[in-house]
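Coordinates in review
For reference, the chains in residue letters:
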Amino acid sequence: MIKQIFGESSVTNLTKNNKLYFPELNPPLPQLKIPFHSEFLMLFGKVPWSSAKGCLQFFEISEIKKVIAGDNFFVILTQSGICYVSDTSDNENIPNLLKWTVDEPIEDVFGHSHVILLTKKGVLYVFENKTNFKNQTNGSHLCKKITKFQNEKIIGVDCGNDFYLVLTQNNNVYGFGTNYCGQLGTSDGAYDSKRSFKKANTSHIESKIIKVYCTYNTSIVLTEDGKCYACGDSSYSADGQLDASNSLDYRCVFKLIPNLEGEFIEKVIPGLFFVALKAKSGKYFVFGYNNYCQFGKSDTIPQDNVRGPKLLNTFDNNDIEEMECGGYNSTIVTKNRDVYISGFYSDSPFYPIATTTDGFINLNLKDYIQHEAFMPNSKMKLKLAMGRYFTALYTVIDTTKNVLNFRRSIKLNDIDLIVVSDEEVNECEFMDDTY
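Since the structure is predicted, the reported quantities are computational estimates derived from the model, not experimental observations. (Residues numbered from 1 in each chain as written. Predicted model: local features only at pLDDT ≥ 70, side-chain atom pairs only at ≥ 80, totals over all residues. Heavy atoms only, no water.)

Counting its secondary structure elements, the protein chain contains 1 helix and 35 strands. By residue count, 59% of the 435 residues in the protein chain fall in the buried class. Taking contacts inside the protein chain between residues at least 6 apart in sequence as the whole, the part at least 24 apart equals 55%. Carbon together with sulfur atoms contributes 45% to the accessible area of the protein chain, which is approximately 17,900 Å² in total. (Helix = DSSP H or I, 4+ residues; strand = E, 2+ residues; numbered from the N terminus. Buried < 20%, exposed > 50% of the residue type's maximum accessible area, 1.4 Å probe, protein only. Contact = heavy atoms within 4.5 Å. Areas by Shrake-Rupley, 256 points an atom, 1.4 Å probe, with all protein chains shown as cover.)

Here we take up unusual backbone geometry. Even without being a glycine, Asp 162 presents a positive backbone phi close to 70°. Judged by relative accessible area, which is 8%, Asp 162 ranks as buried. Non-glycine residue Asn 171 carries a positive phi angle of around 70°.

Most of strand 25 (residues 284–289) sits inside the fold, with 5 of its 6 residues counted as buried. Looking at chain direction, strand 24 (residues 274–279) and strand 25 are connected through 5 bridges and run antiparallel. The partner of Val 275 across the bridge, within strand 25, is Phe 287. Taking the residues between adjacent antiparallel strands as the criterion, strand 24 and strand 25 are bridged by 4 residues, where Gly 282 takes a positive phi near 95°. Note that strand 25 and strand 26 (residues 305–311) share 4 bridges and pair antiparallel. The partner of Tyr 289 across the bridge, within strand 26, is Asn 305. (Pairing = 2+ DSSP bridges.)

If you look at the biggest cluster of nonpolar residues, it comprises 23 residues, and the most contacted ones within it are Phe 40, Met 42, Phe 44, Phe 350, Leu 365, Phe 374 and Leu 393. Counting residues per element, the ones that place at least two in this core are strand 4 (40–45), strand 5 (55–60), strand 29 (339–343) and strand 31 (381–386). Setting aside residues up to four positions removed in sequence, Phe 374 forms contacts with Phe 40, Asn 336, Arg 337, Val 339, Leu 365, Lys 366, Ile 369, Leu 382 and Leu 393. With 18 residues, the next largest nonpolar core counts Leu 41, Ile 64, Phe 74 and Leu 97 among its residues. (Core = buried A, V, L, I, M, F, W, Y, C linked by side-chain atoms within 4.5 Å.)

Let us look at the side chain of Asn 179. With respect to the secondary-structure elements, Asn 179 resides in the loop between strand 16 (173–177) and strand 17 (194–195). Here Asn 179 falls in the buried class, since its relative accessible area comes to 1%. Side-chain polar atoms of Asn 179 contact the backbone oxygen of Asp 188, separated by 3.2 Å. The residues touching Asn 179, leaving out its near neighbours within four places in the chain, are Leu 184, Gly 185, Thr 186, Ser 187, Asp 188, Gly 189, Ala 190 and Leu 248. (Polar contact = N/O pair within 3.5 Å; in protein donor to acceptor, adjacent residues only side chain to side chain.)

This next bit is on the environment of Gly 81. Considering the arrangement of structural elements, one finds Gly 81 in the loop between strand 7 (74–78) and strand 8 (83–87). With a relative accessible area of 7%, Gly 81 lands in the buried category. Residues Gly 81 and Ile 64 lie 17 residues apart in sequence; the distance between their C-alpha atoms is 9.9 Å. Once residues within four sequence positions are removed from consideration, Gly 81 is found in contact with Pro 105 and Ile 106.

This next bit is on the sheet that holds strand 22 (residues 255–256). Strands sit in the order 19-20-21-22 across an open sheet of 4 strands; the sheet is antiparallel. Edge strands, defined here as strands with exactly one partner in the open sheet, are strand 19 (209–214) and strand 22. Inspection of the sheet shows strand 21 (residues 228–232) paired to strand 22 by 2 bridges, in the antiparallel sense. Considered in strand 22, the bridge of Ala 230 is made with Lys 255.

Here it is, written out as structure tokens:
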């Protein structure tokens, strides 16, 4: 079931045309009435499918496993292995949700300028249309089934802009798409318009690779001994290195991220041009482009390029339960279920304003939303996903008994998939390189 609250932040009245307005949350937003024990997805910020300067959208949804937020879409993965992707081809403020199923349950989903599905058996499906996920001529999706890895089970994937990485059980990393910054971990095909999978050079990495991650144009691999290696663009410092170089020979090599001696990295949290690392010690380290104070500002974290990992000293590391990096903002959920945001300012609801861009601000969501998920001892977890200019806050519980059902305020479409085999292709259409 979905019940949706939609609003924008462009005028000073709180109620108008049955919409909610949020001019810097002043006058205060009244409490939002949603069922206390329901699972929900909350979208706030500047969503690309709305003409409003900023909006707040609530979806009451059961059985959520994961949500991803791309540049201009979001995808919901359910516990039963079904995906629902937002579609705005009808030019409406409320997106359609298109149901995606393939031959077997979907295990994981990834996205940036396009969407990739990974099944339980390690089979990959790729959707490359960056604007509409629905073919207007026959109401179907164009889906590419990747058959290259029939002898190597895929265990990890991540997407950057115009490229993606694939990690196999054989400890091989393959890249597909743009490689002009060496983000595929090889100089092969750096300026070749014909796209095909390239095998990254990881022979110098002694430990087993367990995860791959992508920013806009850099790549990071995480090994089982807690070390990180990065390649790709260095101009924004998102490769974690202390120095920058325009040399492709330098950029295309996975290099150990320095200044992390004695730390065991458990998780990489990539944003557009900036990255956070979570260590087993509970410490968070950050690097990359901090132009909007995405990580706040301190004597060691300047409002500029942060070269090499620096301890996140703008927030109490011991209080962080969940952290996510987006286009130009970072969001944190604390152990006490408070939600903080920093970075790019706008007049969108629950986003910073110009006077508060140098640090994390508490959104005080508990003042507006009475819900089980904000209770410290709740078994329901708050999770985050971030798009270019918007944030997705959602709940996850350990159950697969609820049936996903949608009604009201949303149109649900069950769409057949057109599946084609992978092959070399010329210049697939992806997100353009303007930023």
